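Breakdown of the fold
If you want the building blocks of each chain, they are given just below.
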Amino acid sequence: MTGIICALRVEVEGLIDKMENIKETQKAGMTFYSGTAFNKDIVAVECGIGKVNAAMCTQVMIDLFSPDEIINSGIAGALSEETQIGDVVICRDVVQHDMDGTELGDPLGLIQFNDCKVMEIAADEGIISRLEEACQSVENTKYEIGRIATGDVFVSKRERRRKINSIFGAIACEMEGGAIAQVCFRNKIPFGITRAISDSINENEAVDFFKFRNTAAEQSIKILCRYLGD
């Protein structure tokens, strides 16, 4: 079974509309839609915005459905001049740019578990390869494979985006992927993240996000459907 987690309804409803034999499961205020699409078993959910919502959703999905893999799909903001609205970013690895223990001597972004420390969490290589094939199969799709930065803040200021890019080498920022990756890492579940760019580094005020998010979400759903076998 493939688990699909999206922050917003607009990011997931296109997939749910293609599912058959749907069963709805309510847990922790979220609705998990399990069924089939493209001859595959799927569970899809809108988790809400932010790292806590994303982490909670991921753990509930794992506990209830035991997915073989989890894909986080949706939209993101660009952190580099080369990444433009409508482009797709496939996650190579993900960091949490707002994890700040620097006053304790830790590097910015370091995650401390009870038994280890990690900075970046790598996506599954097989999933990356299949997401790349999906992008190649969608006409006029420009994509990049690179680092994504997650934080509990909507980063609209160009200067802050450039700073995140400079510190972490990330090419896109969003608010859920790093938390989903962290939960998958601890549960040993393969994961992947794909994001369509809704706002560029040069057009990055909130009004641009709302202007382009539906177009970017549609692009993200196309990639997701191709990944699943459409």
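Nothing here was measured: the structure is a model prediction, and the numbers come from that model. (Residues numbered from 1 in each chain as written. Predicted model: local features only at pLDDT ≥ 70, side-chain atom pairs only at ≥ 80, totals over all residues. Heavy atoms only, no water.)

1. Topic: unusual backbone geometry
This is how it is decided: The helix count covers DSSP runs of H or I at least four residues long, the strand count covers runs of E at least two residues long, and both are numbered beginning at the N terminus.
One non-glycine residue, Ala-28, lies in the positive phi region at around 55°. Its location among the elements puts Ala-28 in the loop between strand S2 (20–27) and strand S3 (30–37). For Asn-140, which is not a glycine, the phi torsion comes out positive at approximately 60°. Counting through the fold element by element, Asn-140 comes out in the loop between helix H3 (125–136) and strand S10 (143–150).

2. A word on the packing of helix H2 (residues 51–65) against helix H5 (residues 177–187)
In plain terms, the rule: For helices, the fitted line uses only the C-alpha atoms of the stretch in contact; every axis is such a line through C-alpha atoms, and the angle between N-to-C directions lies from 0 to 180 degrees. Crossing handedness: left-handed means the near helix sits turned counterclockwise from the far one by under a right angle, and right-handed means the same turn made clockwise. Any pair of residues with heavy atoms lying within 4.5 Å of one another is described as a contacting pair. Think of it as three bins: nonpolar holds Ala, Val, Leu, Ile, Met, Phe, Trp, Tyr, Cys and Pro, charged holds Asp, Glu, Lys and Arg, and polar takes everything else, Gly as well.
Interaxial distance between H2 and H5 falls to 8 Å at its minimum, and their mutual angle equals 35°. Here the hand of the crossing between H2 and H5 comes out right-handed. Here Lys-51, Ala-54, Ala-55, Thr-58, Gln-59 and Ile-62 of H2 come into contact with H5, specifically with Ala-179, Ile-180, Val-183, Cys-184 and Asn-187. For the contact of H2 with H5, the residue count by class is seven nonpolar, three polar and one charged.

3. As for helix H4 (residues 158–168)
The line we're drawing: Here's how the labels work: a residue is buried when its accessible area is under 20% of the maximum for its type, exposed when over 50%, partly exposed in between, all with a 1.4 Å probe on protein chains only. It is the directions from the helix axis to the C-beta atoms whose arc is reported.
Here H4 has its buried residues at Arg-161, Ile-164 and Phe-168. The buried residues of H4 all sit within an arc of 60° when viewed along its axis, so they share a single face. In H4, the exposed positions that point more than 90 degrees away from the buried face belong to Glu-159, Lys-163 and Ser-166. At its buried positions, H4 is contacted by strand S5 (69–78), strand S6 (88–96), S10 and strand S12 (191–199). Where H4 ends, the next residue or the one after it, Gly-169, has phi of about 70°, a positive value.

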